[in-house]
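If you want the building blocks of each chain, they are given just below.
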Amino acid sequence: MNLKYCKAQNDDFDRLNELFIEMLMTIYNTEQVDGYEAGYMDRFFDGRDDWVCKVTDNDKIVAFLSIEVHHEEEEYIYLDDLSVTKNYRNKGIGTSLIKRAEEYAKELGIHSIYFHVEKTNDSAFRLYKRLDYTINEEQSSRYLMIKEL
């Protein structure tokens, strides 16, 4: 493997959308899923704080993580979507992406990272627990998890 981590660009959208659909099909165990709505990803490509970290292997995108920065009462990073294509799972890529988001939060002086995980997504839940994320709130079919840096 020749993995490279870098910031995704707008012209990566189609492949990111394919990976997003693959992620949803895996989580929900169905092919009846839709990709991103038109314009949804624009904020990740506009040069502000939100961005997508992509992972390529020989120039093909094999994974990504969407990172949102929130400057509200409490500043925090929200990890929106994490997708690793099937043949690249269980190789440390998801862990590396999350660690990069944690480093980005530290660079910005932000001390909290949040994300949601479906209760049925056992492998993702185990990963997050191993990385010291804890359940902050139970919300119907998913958990809101948090890590304080």
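Residues numbered from 1 in each chain as written. Predicted model: local features only at pLDDT ≥ 70, side-chain atom pairs only at ≥ 80, totals over all residues. Heavy atoms only, no water.

Let us look at the overall build of the chain. When helices and strands are counted, the chain shows three helices and seven strands. Put simply, the chain runs from its N terminus to its C terminus through helices and strands in the order β-α-β-β-β-α-β-α-β-β. Its C-alpha radius of gyration of 15 Å places the chain within 12% of the 15 Å reference for a compact globule of 149 residues. Dimensions of the chain, computed from the C-alpha atoms along their principal axes, are close to 35 × 35 × 30 Å. Taking the intrachain contacts of the chain between residues at least 6 apart in sequence as the baseline, contacts between residues at least 24 apart amount to 58%. A distance of 8 Å separates the average location of the 19 positive side-chain charges in the chain from that of its 30 negative side-chain charges. (Helix = DSSP H or I, 4+ residues; strand = E, 2+ residues; numbered from the N terminus. Rg over C-alpha atoms; globule rule 2.2 N^0.38 Å. Contact = heavy atoms within 4.5 Å. Lys, Arg positive; Asp, Glu negative; His and termini not counted. Charge placed at Lys NZ, Arg CZ, Asp CG, Glu CD.)

Sheet architecture is open: seven strands sit in the order 1-2-3-4-5-7-6, paired in mixed fashion. Looking at the sheet topology across the chains shown, the edges are occupied by strand 1 (3-7) and strand 6 (134-139). Each adjacent strand pair in this sheet contributes to an overall mean axis angle of 25 degrees, direction not counted. Bridging between strand 2 (residues 51-57) and strand 3 (residues 60-71) involves seven bridges; their strand directions are antiparallel. The residue of strand 3 that forms the bridge with D57 is K60. Running at roughly 85 degrees to strand 3, helix 1 (residues 13-28) makes contact with strand 2, strand 3, strand 4 (75-84) and strand 5 (112-118) of the sheet. (Pairing = 2+ DSSP bridges. Axes fitted to C-alpha atoms, helices over the stretch in contact; angles between N-to-C directions.)

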